[in-house]
Amino acid sequence: MATDLHELLRSLRVWDPTVTELPAFDTEKAPSDPVPLFTSWFAEAVAAGEREPHTMTLATADEEGLPDARIVMLHGADATGWSFATHATSRKGRHLTARPYAALTFYWPVLGRQVRVRGPVTSAPSEEAQADLHARSTGALAAALTGRQSEVLTSAVELARTSQAAWEEAQRNPTAPSPTWTLYRLTPEEVEFFQGDERRRHVRLAYRRSGEGDGWSRHLLWP
């Protein structure tokens, strides 16, 4: 029997109370800088049992300004920015070369929270990217060594053969370099924290970089 998409959609609930708790968000107590608040919310998502809270949507635009988005992994967030990594030769890598600006979105449904970050993107020094890669798992290194991300794949056999060789190289040499592997850092110009509310009085706190310095302005947004 074929599935009716619309009936299936109508059967679903948003923030089912059996799995979701919507905490209060007192914006008056929010810090002046968004990074400590992000760190706190991230830790709370982990403690609440959120599955893979370190995954995020990365949105970029190509040479013609057409948007694209995919899920990637957060590699860090501090005063220098939000970090992620990929091959410079991948589709998103090429986008960032052409238009070095991006947006990130985190969604943690177990708490009804979103965090949105937007700003220019720069590449970290190669040695920093390689150190970040080598601090990760053998599988992560093998995937990086496989390379050719976003290229056309001629067959599953070719993938299996190349992947197996990369795994063997990663196990044999855990510091093997991946020349195109790049650590990117998004320097935020805007950061928004969204807390869902069961009566749809969602709380949205937006931080915006103020002037030339490192200060931030803050304001609430209508839900």
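Residues numbered from 1 in each chain as written. Predicted model: local features only at pLDDT ≥ 70, side-chain atom pairs only at ≥ 80, totals over all residues. Heavy atoms only, no water.

Draft legend 1. Structural detail: the overall build of the protein chain. Per the secondary structure count, the protein chain includes six helices and ten strands. A buried classification covers 35% of the 223 residues belonging to the protein chain. Long-range pairs, those at least 24 residues apart, make up 64% of the contacts in the protein chain with a sequence separation of at least 6. Total accessible area on the protein chain is roughly 13,400 Å²; 54% of this is exposed by carbon and sulfur atoms. Charge separation in the protein chain, taken as the distance between the mean sites of 24 positive and 29 negative side-chain charges, equals 3 Å. (Helix = DSSP H or I, 4+ residues; strand = E, 2+ residues; numbered from the N terminus. Buried < 20%, exposed > 50% of the residue type's maximum accessible area, 1.4 Å probe, protein only. Contact = heavy atoms within 4.5 Å. Areas by Shrake-Rupley, 256 points an atom, 1.4 Å probe, with all protein chains shown as cover. Lys, Arg positive; Asp, Glu negative; His and termini not counted. Charge placed at Lys NZ, Arg CZ, Asp CG, Glu CD.)

Draft legend 2. Region of interest: the pattern of salt bridges. Scanning all chains against the criterion turns up twelve salt bridges. For Arg185, the salt bridge identified is with Glu128, shortest N-O distance 2.7 Å. A residue pair is termed long-range when its members are at least 10 positions apart, and Arg185 in strand E7 (residues 181–186) and Glu128 in helix H4 (residues 126–134) qualify at 57 residues. Salt bridges here are not isolated pairs; linked through shared partners, they connect Asp68, Arg70 and Arg91. (Salt bridge = Lys/Arg side-chain N within 4 Å of Asp/Glu carboxyl O.)

Draft legend 3. Up close: helix H5 (residues 138–146). For H5, the set of buried residues is Leu141, Ala142, Ala144 and Thr146. Buried residues along H5 sit in contact with strand E4 (81–87), H4, helix H6 (156–172) and E7. One or two positions beyond H5, positive phi appears at Gly147, with a value near 60 degrees.

Draft legend 4. Up close: the nonpolar core. Residues Trp82, Phe84, Leu104, Phe106, Val115 and Phe193 are the most contacted members of the largest nonpolar core, which totals 28 residues. Every element with two or more residues in this core is listed here: helix H2 (34–47), strand E1 (55–61), E4, strand E5 (101–108), strand E6 (113–123), E7, strand E8 (190–195) and strand E9 (203–209). Ranked by residues supplied to this core, first place goes to H2 with five residues. If near-sequence neighbours (up to four positions away) are discounted, Phe193 is found in contact with Phe25, Pro34, Leu37, Phe38, Trp41, Gln114, Val115, Val203, Arg204, Leu205 and Tyr207. Ranked by size, the runner-up nonpolar core spans eleven residues in total, among them Ala124, Ala129, Leu133 and Leu183. (Core = buried A, V, L, I, M, F, W, Y, C linked by side-chain atoms within 4.5 Å.)

Draft legend 5. Just the packing of aromatic side chains, in detail. Scanning the entire structure with this criterion turns up eleven aromatic pairs. Considering the side-chain rings of Trp41 and Phe193, the 5.3 Å spacing of their centres and the 85 degrees angle between planes classify their relative orientation as edge-to-face. Of this pair, Trp41 sits in helix H2 while Phe193 sits in strand E8, and the two are 152 residues apart along the sequence. Each member of the pair, Trp41 as well as Phe193, carries the same accessibility label: buried. Grouping aromatic residues by their ring pairs yields a cluster made of Phe25, Trp41, Phe193, Tyr207 and Trp216. Above the face of the Trp41 ring, Arg113 is positioned so that its terminal group lies 4.0 Å from the ring centre. (Phe/Tyr/Trp six-rings, centres within 6.5 Å; stacked < 30°, edge-to-face > 60°. Lys NZ or Arg CZ within 6 Å of the ring centre and 35° of its normal.)

Any link to function would need more than the numbers given here.
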